[in-house]
Amino acid sequence: MSEKATGGDFVVFDHVQKSYDGETLVVKDLNLSIGKGEFLTMLGPSGSGKTTCLMMLAGFETATHGDILLDGSPINNISPHKRGIGMVFQNYALFPHMTIAENLSFPLEVRKMGKSDREAKVKRALDMVQMGSFGGRRPAQLSGGQQQRVALARALVFEPDLVLMDEPLGALDKQLREHMQFEIKHIADDLGITVVYVTHDQTEALTMSDRVAVFEDGRIQQLAPPDELYEKPCNSFVAQFIGENNTLQGEVKEITNGLAVVKLDDGSLIDAMPVNVDKAGERTQLSIRPERVEFNMERLNPGAHTLQAEVLEFIYMGDIFRTRLRVAGNDSFIVKTRNAPDQVRLEPGQTVEIGWQAEDCRALDA
Ligand SMILES: Nc1ncnc2c1ncn2[C@@H]1O[C@H](COP(=O)(O)OP(=O)(O)O)[C@@H](O)[C@H]1O
Ligand SMILES: [Mg+2]
């Protein structure tokens, strides 16, 4: 694997802890290495410590314990403006009394760059975010999306190696947000900059990132590329937080040859991949993605699991059908099927057979 995929050590959090009040730790022993050119997203619910981590890296907060290294050197004692880090936040924080071009020129003046160099760099940065013709306007004369583009250009204009973004698209509507996700990702890739991105939006994290660190309560629960996070969540929290997930409660009966036999609360026996359960008698929560469940048993390999289910709702969603079922006492078991010409439409009240491959069913902590 490339250095990019495995991390590397351009940014390193080494046993970092943070407490604001001297009692509770809001960041608990954070260890994270970010590779040069990597797009790393910190994803997690509100209050899980993401912004605090970014602020420590930026230099606006200090770690209570541990070290933060940038390109091999500790930065604990380097002031924020000397770290050479670009930053973008949700509230764009452009200077209202300056034109767009002056806003972008400002970080270059601070760095004592000459006028003609400044003009060239400002033009290049504005062109990059397709705002080349807006240099003479003031922020108030731009829409929210345009202001956010300018904020992005301002973070990039001095060509930093590292850019930090904290929920930069949170204030934009869905369509513009999705567009900007691709735009930011492409610009970051083209320039080869390292990005540490904070969001609570899992779709955004999956779309943009090389790797995602899932935060909960000041700890990283899982650090993995998007596909691995979705396909192989390491615990129930990550399985629930990333994507849609069906759960079934039960008890581990035995684990043999890398397969767990789980007795559901309604008595049915299910094979599953043991992830973070390891002994008989343990309570477990099975996790199955909605698109891994089949109605057509012929599509499954021999030995796959089948169960009886009752259809509660069948919803046409254009590209897919979304069926809500009652399965082993769970009334919110969702199955997504592609809208194909041969897909039978189901009726509420109908009893159907459903099935999945054992490897698509994961036995996690209860
Ligand atoms: N400046 C501060 N002073 C005291 N507590 C803070 C401060 N900033 C954040 N916190 C607390 O630290 C925890 C983590 O917050 P934060 O890092 O902002 O999380 P996130 O960005 O994931 O929502 C929360 O409990 C929050 O209330
Ligand atoms: Mg935050």
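Bear in mind that the values here come from a model prediction, so they are computed numbers and not experimental data.

Reading the values: rules and limits
Residues numbered from 1 in each chain as written. Chains lettered and ligands numbered in written order. Predicted model: local features only at pLDDT ≥ 70, side-chain atom pairs only at ≥ 80, totals over all residues. Heavy atoms only, no water. Pairing = 2+ DSSP bridges. Helix = DSSP H or I, 4+ residues; strand = E, 2+ residues; numbered from the N terminus. Contact = heavy atoms within 4.5 Å. Axes fitted to C-alpha atoms, helices over the stretch in contact; angles between N-to-C directions. Parallel < 35°, antiparallel > 145°, perpendicular 65-115°, else oblique. Left-handed = near helix turned anticlockwise from the far one by under 90°. Nonpolar A, V, L, I, M, F, W, Y, C, P; charged D, E, K, R; others polar. Near = heavy atom within 4 Å. Polar contact = N/O pair within 3.5 Å; in protein donor to acceptor, adjacent residues only side chain to side chain. pLDDT = per-residue confidence, 0-100. Salt bridge = Lys/Arg side-chain N within 4 Å of Asp/Glu carboxyl O. Buried < 20%, exposed > 50% of the residue type's maximum accessible area, 1.4 Å probe, protein only.

(A) Representation of the sheet that holds strand β2 (residues 27–34) in the model. Strand order in this open sheet of four strands is β2-β1-β4-β5, and the pairing throughout is antiparallel. Only two strands of the sheet have a single partner each, and these edge strands are β2 and β5 (73–74). Contacting β1 (11–18), β2 and β4 (65–70), helix α2 (residues 50–58) runs over the sheet at an angle of about 120 degrees to β1.

(B) Region of the structure containing the packing of helix α5 (residues 144–156) against helix α6 (residues 174–191). Following both chains from N to C, one finds α5 and α6 inclined at 15 degrees, their axes separated by 12 Å at the closest point. By the angle class used here, α5 and α6 are roughly parallel. As α5 runs across α6, the sense of the crossing is right-handed. Between α5 and α6, the contacting residues are G145, R149, L152 and L156 on the first element and L176, H179, M180, E183, I184, I187 and L191 on the second. When grouped by side-chain class, the residues that make up the contact of α5 with α6 number seven nonpolar, two polar and two charged.

(C) Broad picture of unusual backbone geometry. With a phi angle near 50 degrees, D71 is a residue other than glycine that sits in the positive phi range. Within the fold, D71 resides in the loop between β4 and β5.

(D) How the structure looks around the site of ligand 1. Every residue lining ligand 1 is accounted for by Y20, V26, P45, S46, G47, S48, G49, K50, T51 and T52. Contact between ligand 1 and S48: an oxygen atom at 3.1 Å from a main-chain N or O atom of the residue. Between ligand 1 and the protein, one listed contact pairs an oxygen atom with a side-chain N or O atom of T51 at 2.8 Å. For the shell around ligand 1, the class distribution of residues is three nonpolar, six polar and one charged.

(E) Summary view of the sheet that holds strand β13 (residues 269–274). Read once around its circumference, the closed barrel built from five strands follows the order β11-β12-β13-β19-β14, with strand pairing classed as mixed. Taking the axes of each pair of neighbouring strands and ignoring which way they run, one obtains an average angle of 55 degrees across the sheet. Where strand β12 (residues 259–264) meets β13, four bridges bridge the pair, whose relative direction is antiparallel. Considered in β13, the bridge of A260 is made with A272.

(F) Representation of the confidence of the model for the protein in the model. In this model, the protein carries a mean pLDDT of 92, and residues with pLDDT of at least 70 account for 98%. Counted against residues more than four places away or in other chains, residues 1–6, with its pLDDT under 50, gives eight contacts.

(G) Representation of the pattern of salt bridges in the model. Here the structure, examined in full by the defined rule, presents 24 salt bridges. For R149, the salt bridge goes to E183, with nearest N and O atoms at 3.2 Å. Taken as a pair, R149 in helix α5 and E183 in helix α6 lie far apart in primary sequence, 34 residues in all. Here R149 falls in the buried class, since its relative accessible area comes to 12%. One salt bridge in this structure joins K174 and E178, with 3.0 Å as the shortest N-O distance.

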